[in-house]
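# Topology and contacts: notes
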Amino acid sequence: MSGQFIGFLTGPFESFGFMRIALVACFALALANGPIGTLLIMRRESLGGNVLSHAVMPGAALGFLYAGYSLSALTLGGVLTGLAVAGLAALTARSRLQRQDSNLIAFYLVSLSFGVLIVAARGSQADLMHVLFGTVLAVDVKALVLIASISSLTMLIVAALYRPLAVESFDPAFLRAVGGGGGAFRAIFIMLVVFNLVASFQAFGTLLAMGPMLLPAAAARCWTHKVWPMIALATVIGMAAAVAGLLISFYANLPSGPAIVMGSGMIYGISLLAACRTRLKATQLWGRQ
Amino acid sequence: MANSSDPAPRRRSASDLLNLLGTATAPLRQSLAVSLSALGDNAQGAFARHFDSGYDPSAFTGHGPRGEGGIAVRDLSVRYGERYAFEDLTGEFPPGSLTAVIGPNGAGKSSLLKTLAGIIRPTAGEIICAALARHRVAYLPQQDELDRGFPISVVELVALGGWRDFGSVREPPDDLAARVCEALAAVGLSTVMDRQIAELSVGQFQRALFARLLMQDADVILLDEPFAPLDESTTEDLQHFLERWQKEGRTVVAVLHDLDRVRRNFPLTLLLARSPIAWGDTSLSLLADNLARAQKTLLPPEGGRIGRVA
């Protein structure tokens, strides 16, 4: 019985190469998305991150327009427009002409429409779906190497610069006052976000790229108030959601990207409920004292 | 408070500190630091300036005479878009002085403090301040500028005050834990040192920020509304630190609202209403017609929008 169950869990990955590659890609993404997502939430910049995930699209679409499904063209284009929009957002934030949230939404809408127009001008409906929602199962070895490299590099950089990155998100003014390096770390962090979104884009498309980054970290936030445990938990949740999502999509013949994001979403929902319960208990205790 | 003299909790929090400053990443940061020290002096200096956020090897050689800790400003202006936060400020905060900055909402008090701390770049004019150049300026933000939900514990927050000794990547010095405990004991927070800042009351959080200021051991200390959210007894406790810092020869500048307190405790006052109205002896600066003039400067036509600037 238990042997059957294990076979049920591992069978798809044993039999099919594309399932294995998809699984490894999702694990690599989860490893980098743990710290990046956690930092993003701690900075309260989830909205900005989401905008960047759409900002990747026009560039990737332009790459697609010129070179078809060429990995390097998609990546290069995505990184370029992602960084460009990040720069524009920083400029508009400084000018204070408009509230930053409406600015960000504007960037997000324009990038998305522009990207869709470009893809639609040249490609088919299938291409559009591919760019919007990604196809985890179509990740090939080349894309896997790209994802894994970005993920490794991200983890190294976060490990080396964790202290200033964390302090910069908590109290940037303090960092400026003691040294002045604050802006550099902000820029490094935004660059990390863009690169990871480009990696995520290969598997999840522009609309869902943010999912594996944000949802596991948001779920982890419900369970712990310390940063390192939060990062570790977010990584584990991301991996669990990947396994569950891939299996569900395999057996139920559903699209895999949305299945994985739904998996994280359900874990997030459960975590929220659990957090609510503990908070209720805490307030009852307070009341009794 | 009793805890601070007891060796056991101190040792525990010392190990906590080492944990929190990243045991997991220690080897990586170590190798970064080693490769740094292999660089020449110039390269190291440049790295420290642009990247290592204030880590400064020369900072270990103790502090020079505090006498040089004053701030002089000339024609200082800060503008957001087309609107001046404040303009044409010329004068001096003398070394070892205790100055209150007061003025109506939107007078540019907070912007002035941020400019003096090097957080905002001035639109025009200059600041002459040896302490600023050596990053020996400490700045206390208004409480609502910090994210109280941020997952950081009290010890961690206070330990940040020693940033100059470890910067972005280096191992913190051995005596850091002891100094953190000392600072926490001084502000009366020894019992809550392991809590998250989210669990502190407003007054306790302000005490923790004061402990961080103590750790920073700065020549110039800038405080933005340090007492605004506090009850009377906490205010009295913290007020003592301002006087102590002044006696130690540090230059202290605080933005305040409470005129009575300013008259009682602050020898010097800068009355600011976008441009300086009066600057000098408190009893002279706070004359009734000065105050009236400050009010009038910032009243409508655009009174409704001014509040956002400060």
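Data block above holds the structure.
These numbers were taken from a predicted model, which means no experiment stands behind them. (Residues numbered from 1 in each chain as written. Chains lettered and ligands numbered in written order. Predicted model: local features only at pLDDT ≥ 70, side-chain atom pairs only at ≥ 80, totals over all residues.)

### Side note on the overall build of chain A
- Looking only at helices and strands, chain A features twelve helices and zero strands.
- Shown N-terminal to C-terminal, the secondary structure of chain A runs as helices and strands in the order α-α-α-α-α-α-α-α-α-α-α-α.
- For a compact globule of 289 residues, the expected C-alpha radius of gyration is about 19 Å, and chain A comes in at 20 Å, within 12% of that figure.
- For chain A, the spread of C-alpha atoms along the principal axes amounts to about 55 × 55 × 30 Å.
- Taking as baseline every contact in chain A between residues at least 6 positions apart, the subset at least 24 positions apart corresponds to 73%. (Helix = DSSP H or I, 4+ residues; strand = E, 2+ residues; numbered from the N terminus. Rg over C-alpha atoms; globule rule 2.2 N^0.38 Å. Contact = placed C-beta atoms within 7 Å.)

### Comments concerning the overall build of chain B
- On a plain count of helices and strands, chain B comes out with 14 helices and nine strands.
- Within chain B, the fraction of its 310 residues that count as buried is 43%.
- The long-range share in chain B, meaning contacts at least 24 apart out of those at least 6 apart in sequence, stands at 74%. (Buried ≥ 20, exposed ≤ 12 C-beta atoms within 10 Å, placed from the backbone.)

### Thoughts on the packing of helix 2 (residues 17–42) of chain A against helix 10 (residues 211–223) of chain A
Residues and elements named next belong to chain A.
- Contact geometry for helix 2 and helix 10: axes closest at 8 Å, N-to-C directions at 65°. Relative to helix 10, helix 2 is oriented so that their crossing is right-handed. Counted together, L29, A30, N33, G34, I36, G37, T38, L40 and I41 of helix 2 and P212, M213, L214, P216, A217, A218, A220 and R221 of helix 10 form the full contact between these two elements.
- Class assignment for the residues of the contact of helix 2 with helix 10 results in twelve nonpolar, four polar and one charged. (Axes fitted to C-alpha atoms, helices over the stretch in contact; angles between N-to-C directions. Left-handed = near helix turned anticlockwise from the far one by under 90°. Nonpolar A, V, L, I, M, F, W, Y, C, P; charged D, E, K, R; others polar.)

### As for the nonpolar core
- With 163 residues, the main nonpolar core has A:A25, B:V158, B:V180, B:A211 and B:L222 as its most contacted residues.
- Per-element tally for this core: the top contributor is helix 9 (residues 182–208) of chain A, with 15 residues.
- Not counting chain neighbours up to four residues away, the residues in contact with B:L222 comprise B:L113, B:L116, B:A117, B:V137, B:Y139, B:L140 and B:V253. (Core = buried A, V, L, I, M, F, W, Y, C linked by C-beta atoms within 7 Å.)

### Points about the sheet that holds strand 9 (residues 275–281) of chain B
Residue and element names in this part refer to chain B.
- One open sheet holds the six strands; their spatial order is 5-6-7-3-8-9, and the pairing between them is mixed. Of all strands in the sheet, those with a lone pairing partner are strand 5 (137–140) and strand 9, marking the two edges. Averaged over neighbouring strand pairs, the angle between their axes works out to 15° when direction is ignored.
- With four bridges joining them, strand 3 (residues 98–102) and strand 7 (residues 251–255) adopt parallel strand pairing. (Pairing = 2+ DSSP bridges.)

### Quick notes on the packing of helix 9 (residues 202–216) of chain B against helix 10 (residues 232–247) of chain B
All names here are of chain B.
- The geometry of helix 9 relative to helix 10 is characterised by a closest axis approach of 11 Å and an angle of 5° between their N-to-C directions. On the basis of their axis angle, the class for helix 9 and helix 10 is roughly parallel. Judged by residue contacts, G203, Q206 and F210 of helix 9 engage T234, L238 and F241 from helix 10.
- Per-class residue counts for the contact of helix 9 with helix 10 are three nonpolar, three polar and no charged. (Parallel < 35°, antiparallel > 145°, perpendicular 65-115°, else oblique.)

### Re the pairing of strand 9 of chain B
Residue and element names in this part refer to chain B.
- Pairing between strand 8 (residues 268–273) and strand 9: six bridges, direction antiparallel. Counterpart to L271 in the pairing with strand 9 is A278.
- Between strand 8 and strand 9, which pair antiparallel and follow one another directly, the connecting turn spans one residue, one of which, R274, has a positive phi of 70°.

### Regarding the sheet that holds strand 4 (residues 124–128) of chain B
Residues and elements named next belong to chain B.
- Strand order in this open sheet of three strands is 2-1-4, and the pairing throughout is antiparallel. Every other strand in the sheet has two partners, leaving strand 2 (83–93) and strand 4 as the edge strands with one partner each. The average angle at which neighbouring strand axes cross in this sheet is 20°, direction not considered.
- Relative to strand 2, strand 1 (residues 71–80) runs antiparallel, the two sharing seven bridges. If you follow Y80 over to strand 2, its bridge partner there is R83.
- Contacting strand 1, strand 2 and strand 4, helix 4 (residues 109–116) crosses the sheet at an angle of about 120° to strand 1.

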